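Architecture and fold: a report
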Amino acid sequence: TQLLEQSPQFLSIQEGENLTVYCNSSSVFSSLQWYRQEPGEGPVLLVTVVTGGEVKKLKRLTFQFGDARKDSSLHITAAQPGDTGLYLCLGTSGSRLTFGEGTQLTVNP
Amino acid sequence: DTGVSQDPRHKITKRGQNVTFRCDPISEHNRLYWYRQTLGQGPEFLTYFQNEAQLEKSRLLSDRFSAERPKGSFSTLEIQRTEQGDSAMYLCASSFAINYGYTFGSGTRLTVV
């Protein structure tokens, strides 16, 4: 069974602060994706990383895939209340998809 | 094509009743997934189709659960003899291919009373 450990589980910060969310596994993934989910809605894809060591930037969000393709991080700079949501990482290996447990982020104005 | 559609959005049913959910994926996506999610947790994999073939089923999918994708387009997920523990959000996702990213529907929120 492949597991993706996501941390922290909960994060409450003030507007303007920076934060990092981590996904770690002992398994190698062919790709890793990050999603953001709002209450009552399905997850929305933010980014896909495929290459070990890859870094992708999406405005204030920076995503990194570990060199060994076993871990990933999501860094948000100058968080805003609109960033509030459940952040999920998803690892792909063959046809198997494994979600992390999620990080519930709350950004307070 | 505006994305993955799921119907209904909400379903309240009495324990012991059968329920069926429908998912319409993005038309050119041949891969379709069903997930179950409880509040504040990550989604749990239930089953996966490539075209009309059901290629993988999770152990979470008991005998009371069945999924079909008869023509390789829409899919249905049926739960028979519902139990209170079945209450959850049921999510459908589709993909063109592995590593291309998955588009999720808005889910069906099931409440068993």
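Residues numbered from 1 in each chain as written. Chains lettered and ligands numbered in written order. Predicted model: local features only at pLDDT ≥ 70, side-chain atom pairs only at ≥ 80, totals over all residues. Heavy atoms only, no water.

Along its length, chain A carries 0 helices and 11 strands. Reading the helices (α) and strands (β) of chain A from amino to carboxyl end gives β-β-β-β-β-β-β-β-β-β-β. Relative to the 2.2 N^0.38 estimate, which gives 13 Å for 109 residues, the radius of gyration of chain A is 13 Å and therefore close to what a compact globule would have. A principal-axis box enclosing the C-alpha atoms of chain A has dimensions of 40 × 30 × 20 Å. Relative to its 109 residues, chain A shows a buried fraction of 45%. For chain A, long-range pairs separated by at least 24 residues make up 54% of all intrachain contacts whose partners lie at least 6 apart in sequence. (Helix = DSSP H or I, 4+ residues; strand = E, 2+ residues; numbered from the N terminus. Rg over C-alpha atoms; globule rule 2.2 N^0.38 Å. Buried < 20%, exposed > 50% of the residue type's maximum accessible area, 1.4 Å probe, protein only. Contact = heavy atoms within 4.5 Å.)

Next up on the list: the sheet that holds strand S1 (residues 5-7) of chain A. Residue and element names in this part refer to chain A. Reading across the sheet, the 5 strands line up as S1-S3-S8-S7-S6 and stay open at both edges, with antiparallel pairing between neighbours. Every interior strand has two partners, whereas the edge strands, S1 and strand S6 (55-58), have only one. For this sheet, the mean inter-axis angle between neighbouring strands, taken without regard to orientation, is 15 degrees. Sheet topology places strand S7 (residues 61-65) next to strand S8 (residues 71-76); 5 bridges connect them, and they run antiparallel. In the strand pairing of S8, leucine 61 is matched with isoleucine 76. (Pairing = 2+ DSSP bridges. Axes fitted to C-alpha atoms, helices over the stretch in contact; angles between N-to-C directions.)

This paragraph deals with the environment of Thr77(A). With respect to the element layout, Thr77(A) can be found in the loop between S8 and strand S9 (85-93). Taking relative accessible area as the criterion, Thr77(A) reaches 34% and is therefore assigned partly exposed.

At the interface, 20 residues of chain B touch 23 residues of chain A. Applying the counting criterion to the chain B and chain A interface returns 1 salt bridge. Of the charged contacts in the structure, one is a salt bridge between Arg9(B) and Glu41(A), with a shortest N-O distance of 3.6 Å. Our count for the chain B to chain A interface comes out at 5 residue pairs in polar contact (both at pLDDT 80 or more). Here the side of chain B that touches chain A is built from residues that sort into 10 nonpolar, 8 polar and 2 charged. (Salt bridge = Lys/Arg side-chain N within 4 Å of Asp/Glu carboxyl O. Polar contact = N/O pair within 3.5 Å; in protein donor to acceptor, adjacent residues only side chain to side chain. Nonpolar A, V, L, I, M, F, W, Y, C, P; charged D, E, K, R; others polar.)

Attention now moves to unusual backbone geometry. Going from Ser7(A) to Pro8(A), the amide bond is cis rather than trans, its omega being -10 degrees. Tracing the chain through its elements places Pro8(A) in the loop between S1 and strand S2 (10-14). In this model, Asp7(B) is joined to Pro8(B) through a cis peptide bond whose omega is -5 degrees. For Pro8(B), the location among the structural elements is in the loop between strand S1 (5-7) and strand S2 (10-13). Of note, Lys59(A) is a non-glycine position whose phi angle comes to about 55 degrees, a positive value.

Turning next to the sheet that holds S1(B). Residue and element names in this part refer to chain B. Spatially, the 4 strands line up as an open sheet ordered S1-S3-S8-S7, and their pairing is antiparallel. Two strands in the sheet have a free side with no partner beyond their single neighbour: S1 and strand S7 (65-68). Going across the sheet, the axis of each strand differs from the next one's by a mean of 15 degrees, ignoring polarity. The sheet contact formed by S7 and strand S8 (residues 75-79) spans 4 bridges and is antiparallel. Bridged to serine 66 within S8 is glutamate 78.

Once that is clear, we can look at the pairing of strand S11 (residues 108-112) of chain B. All names here are of chain B. Only one face of S11 is covered, namely the face carrying Thr108, Leu110 and Val112; the face carrying Arg109 and Thr111 is uncovered. Judged from the 4 bridges that link them, S2 and S11 form a sheet pairing that is parallel. Directly across from histidine 10, in S11, lies its bridge partner arginine 109. Pairing of strand S9 (residues 88-95) with S11, which is carried by 3 bridges, proceeds in the antiparallel orientation.

Okay, the layout of surface pockets next. Approximately 280 Å³ is the volume found for the second largest pocket. In terms of residue class, the lining of the second largest pocket is made up of 4 nonpolar, 8 polar and 3 charged. (1 Å grid on protein atoms, 1.4 Å probe; cavity = no way out; pocket = protein on both sides within 12 Å on 5 of 7 lines; lining within 4 Å. Points joined across faces, edges and corners; volume = space filled by probe spheres on them.)

Spatial relationships are all this shows, so hold off on functional conclusions.
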